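Examining the three-dimensional arrangement
Chain by chain, the residues:
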Amino acid sequence: MIVLLERLCLALRRVVSGVVILLFSVMMTAVLVQVAGRYVFNYSIAQAAEIATFSQIWLVLLGAGVAVARGQHVAIDMLPAKLPLPMARVALVAIALVTVAFLAVLAWGSQPLLRMGEFQTSPALRIPMKWIYLCLPMGAAYMALELLLSVLQRWDDPFPPPQVDDAEEAV
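Predicted model, so just to flag it, every value in this text is computed and none were measured.

Bringing helix 2 (residues 46-70) into the picture now. Over its 25 residues, helix 2 runs 35 Å from end to end, which matches the ideal 36 Å to within 8%, given 1.5 Å per residue. One or two steps after helix 2, the chain reaches Gly 71, where phi turns positive at roughly 70°.

To continue, consider the packing of helix 1 (residues 2-39) against helix 7 (residues 135-153). The geometry of helix 1 relative to helix 7 is characterised by a closest axis approach of 10 Å and an angle of 135° between their N-to-C directions. What the angle tells us is that helix 1 and helix 7 run oblique. Viewed along their axes, helix 1 and helix 7 form a crossing whose handedness is left-handed. Each of Ile 2, Leu 5, Glu 6, Leu 8, Cys 9, Leu 12, Arg 13 and Val 16 in helix 1 lies in contact with helix 7, whose residues at this interface are Tyr 142, Leu 145, Glu 146, Leu 148, Leu 149, Leu 152 and Gln 153. Split by residue class, the contact of helix 1 with helix 7 holds 11 nonpolar, one polar and three charged.

Right, let's get into the nonpolar core. In this structure, Val 16, Val 20, Leu 62 and Met 143 are the most contacted members of the largest nonpolar core, which totals 27 residues. For this core, the elements supplying multiple residues, two or more each, are helix 1, helix 2, helix 4 (85-109) and helix 7. Ranked by residue count, the leading element in this core is helix 2, at eight residues. Not counting residues within four places of it along the chain, the set of residues in contact with Leu 62 comprises Val 16, Val 19, Val 20, Leu 23 and Tyr 142. Counting residues in hydrophobic clusters, the runner-up holds five residues, among them Phe 54, Met 129, Ile 132 and Tyr 133.

Okay, the environment of Arg 89 next. With respect to the secondary-structure elements, Arg 89 resides in helix 4. Look at Arg 89 and you get partly exposed, because its relative accessible area is 21%. Leave out the neighbours within four places in its chain, and Arg 89 touches Trp 155, Asp 156 and Pro 158.

All right, on to the layout of surface pockets then. Estimated volume of the largest pocket: approximately 1,200 Å³. Around the largest pocket, the lining comprises 31 residues; the ones closest to its centre are Gly 71, Gln 72, His 73, Ala 75 and Arg 154. If you list the elements that add at least two residues to the lining of the largest pocket, you get helix 2, helix 4 and helix 7. In terms of residue class, the lining of the largest pocket is made up of 17 nonpolar, seven polar and seven charged.

The subject of this paragraph is helix 1. Helix length check: helix 1, at 38 residues, gives a terminal C-alpha distance of 54 Å against a target of 56 Å (1.5 Å per residue), a fit within 8%. Turning to helix 1, the residues buried within the fold contact helix 2 and helix 7.

Along the polypeptide, Glu 146 turns up in helix 7. Among the polar contacts listed, one links the side chain of Glu 146 to the side chain of Arg 13, at a separation of 2.9 Å.

Cut-offs used in this document
- Residues numbered from 1 in each chain as written.
- Predicted model: local features only at pLDDT ≥ 70, side-chain atom pairs only at ≥ 80, totals over all residues.
- Heavy atoms only, no water.
- Helix = DSSP H or I, 4+ residues; strand = E, 2+ residues; numbered from the N terminus.
- Expected span 1.5 Å × (residues − 1).
- Axes fitted to C-alpha atoms, helices over the stretch in contact; angles between N-to-C directions.
- Parallel < 35°, antiparallel > 145°, perpendicular 65-115°, else oblique.
- Left-handed = near helix turned anticlockwise from the far one by under 90°.
- Contact = heavy atoms within 4.5 Å.
- Nonpolar A, V, L, I, M, F, W, Y, C, P; charged D, E, K, R; others polar.
- Core = buried A, V, L, I, M, F, W, Y, C linked by side-chain atoms within 4.5 Å.
- Buried < 20%, exposed > 50% of the residue type's maximum accessible area, 1.4 Å probe, protein only.
- 1 Å grid on protein atoms, 1.4 Å probe; cavity = no way out; pocket = protein on both sides within 12 Å on 5 of 7 lines; lining within 4 Å.
- Points joined across faces, edges and corners; volume = space filled by probe spheres on them.
- Polar contact = N/O pair within 3.5 Å; in protein donor to acceptor, adjacent residues only side chain to side chain.

Encoded structure:
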């Protein structure tokens, strides 16, 4: 079971990481186009601003899942790290349940937006807003999947000490 979930998440991570890189590139290009239009040509390009905004929204929601996969979210785990293994496992599951509850509220709360987005279009690009709002349930689902895998992988050592990467040592 865990091996299948790991393979699924690995494939999904590659896809999502590629999408995040693409979204960041699109966002940066749109911002540069907007700045050039505004300061070089004295003309504001509304489509570029909208592309940058929508790219950033998707980038944040998908990027949060990538951060979960890499264990890069901010966490204060000094107290749980001192607990004996059975209690540390309880803390790990409790933290995961609270997080999944938040993600479920996020996904459930996005449903009215998705329904409303079927009838709304963005002002400049004229695309249905449901495609923009879709990042909420998709990002929440991806984060929940990565969180589940994280709990399964960390079961034997729920709160390991932080590891220093070679890149961090050079700084």
